[in-house]
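# Structural overview
The chain contents come next:
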Amino acid sequence: MAKDKRAKAAAAALQSNKPAQPLPVLVRPSWPPFKPALPVADLSLEPVVPDKVVVLRSFFPRSLCRDYVSVLGTLPLTTTPGKPKRGEALRVNDRYQIDDPKFADRLWSETGLKDAVLSDDVAHLWGGDVIGLNANIRVYRYSPGQFFDAHYDDSNNVLVTTETGDSLPAKTTWTLLLYLTSSSDGCVGGETVFYPYDRQSAKEAIIVSLETGMLLLHKHGHDCMLHEGREVTAGEKWILRTDLCVKR
């Protein structure tokens, strides 16, 4: 039954991309200000899988998450093709991405994230000296029937713009996901599931349920764990995605 649903979702995504439409003009979102001032709670990293997966709860307050969902819902999202490229996992969702160094820097330096990540007790996790976040900001919306099959996240070489305006060569080492909705907002399903032994086994699954305003960070590149985004069955799952970047 699950395979039938996924096949239908993929077919619908393919159909939605025919005939080919021109790419939308990129619009820089009017990112809501961080009000109330962040952080609103003590930001402490909680391990889910030692040295590979951690969470930061209450990174965004619920009110700010609502503001972001309201703004992001006005963007010209595009549906991911239902037929992945060779070697890629099947993903069916709506997405938007834009390079926004200023917002990436705000998210890094004005939220308490920088202090939490650079804390002496966790500095060894990141694979180098963290200098900021990837400017490539991605917005994901998963509606009922949408999902992201099991996959690995790659590391990429990027440039990070510092507060002084300098561009430093960097590489991404950890994926950062900010959950903007959860079951308390009507979203059912959509859990992020990790598999520690590179195989999809229900008995071995490590399940991270959605929490509105929670950050999930997980190691990627050569040490990335196999993981998936489960199918959403009701409501909408909204995510902001970027990456931690270290000096290259």
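In every chain, residue numbers begin from 1 and rise along the written sequence. Since the coordinates come from a predicted model, pLDDT governs what is reported: local features require at least 70, and pairs of side-chain atoms require 80 or more to be given and counted, while whole-chain, interface and lining totals use all residues. For the side-chain quantities, the full set of heavy atoms in the structure was used; hydrogens and water were omitted.

For the rest of this paragraph, the subject is the overall build of the protein. Note on conventions: DSSP H or I runs of at least 4 residues are helices, E runs of at least 2 residues are strands, and numbering of each starts at the N terminus. Along the backbone of the protein there are four helices and 17 strands. Three labels apply to residues, based on accessible area from a 1.4 Å probe with only protein chains included: buried if under 20% of the type maximum, exposed if over 50%, partly exposed otherwise in between. Taking all 248 residues of the protein together, 48% fall into the buried category. In the protein, 80% of the contacts between residues at least 6 apart in sequence involve partners at least 24 apart. Per element, the accessible surface of the protein, about 12500 Å² overall, is 51% carbon and sulfur. Residue contacts are counted whenever heavy atoms from the two residues lie within 4.5 Å of one another. In short, Shrake-Rupley with a 1.4 Å probe defines the accessible areas, and a residue's cover is counted only from the protein chains shown.

All right, on to the side chain of R241 then. Relative to the helices and strands, R241 resides in strand β17 (residues 237-247). Residues adjacent in sequence count toward polar contacts only when both atoms are side-chain atoms; beyond that, a polar contact is any pair of N or O atoms within 3.5 Å, and within protein one must be able to donate a hydrogen and the other to accept it. Polar side-chain contacts of R241 include one of 2.6 Å to the side chain of D243. Not counting chain neighbours up to four residues away, the residues in contact with R241 comprise N136, I137, R138, Y140, D153, T175, L176, L177 and H220.

Right, let's talk about the pattern of salt bridges for a bit. Every case where a carboxyl oxygen of Asp or Glu lies within 4 Å of a side-chain nitrogen of Lys or Arg is listed as a salt bridge. One pass over the full model with this rule turns up ten salt bridges. When the shortest N-O distance is used, the salt bridge between R106 and E110 registers 3.6 Å. The salt bridge involving D243 is made with R138; its shortest N-O contact spans 2.6 Å. Remark: R138 occurs in strand β7 (residues 136-142) and D243 occurs in strand β17; sequence separation between them is 105 residues.

Along helix α2 (residues 62-72), the residues classified as buried are L64, C65, Y68 and L72. Down the axis, α2 shows its buried residues gathered within 105° of arc, on one side only. Residues R66 and S70 are exposed on α2 and point more than 90 degrees away from its buried face. Among the structural elements, α3 (101-109), β7, β10 (167-179) and β17 are those in contact with the buried residues of α2. It is the directions from the helix axis to the C-beta atoms that the arc portrays.

Attention now moves to unusual backbone geometry. In this model, K35 is joined to P36 through a cis peptide bond whose omega is 0°. Its place among the elements puts P36 in the loop between α1 (2-16) and β1 (46-49). Put simply, L38 and P39 share a cis peptide bond, and its omega is 0°. Considering the arrangement of structural elements, one finds P39 in the loop between α1 and β1. One non-glycine residue, S58, lies in positive phi territory at about 55°.

On to the sheet that holds strand β8 (residues 147-151). Consider a sheet: its strands pair through backbone hydrogen bonds, and that pairing is either parallel or antiparallel. In this scheme, strands are said to pair when DSSP sees at least two bridges between them. Strand order in this open sheet of five strands is β4-β8-β15-β12-β13, and the pairing throughout is antiparallel. Of all strands in the sheet, those with a lone pairing partner are β4 (91-92) and β13 (206-208), marking the two edges. Pairing between β4 and β8: two bridges, direction antiparallel. Across the sheet, the residue bridging to V92 is F147, located in β8.

We now examine the environment of Q97. Along the chain, Q97 turns up in strand β5 (residues 94-99). For Q97, a relative accessible area of 36% gives the class partly exposed. Taking C-alpha positions, Q97 is 5.5 Å from I137, a pair spaced 40 residues apart along the chain. When near neighbours in sequence (up to four residues on either side) are disregarded, Q97 contacts L26, N136, I137 and R138. At 2.7 Å, the side chain of Q97 forms a polar contact with the side chain of R95.

This brings us to the nonpolar core. The biggest cluster of nonpolar side chains holds 41 residues, and the ones touching the most others in it are F60, Y68, L113, W126, L180, L240 and L244. With residues up to four places along the chain from it excluded, the contact list for Y68 reads W31, P32, F34, F60, F103, L180 and L240. Side-chain atoms within 4.5 Å link the members of a nonpolar core, which is a set of buried Ala, Val, Leu, Ile, Met, Phe, Trp, Tyr and Cys residues.

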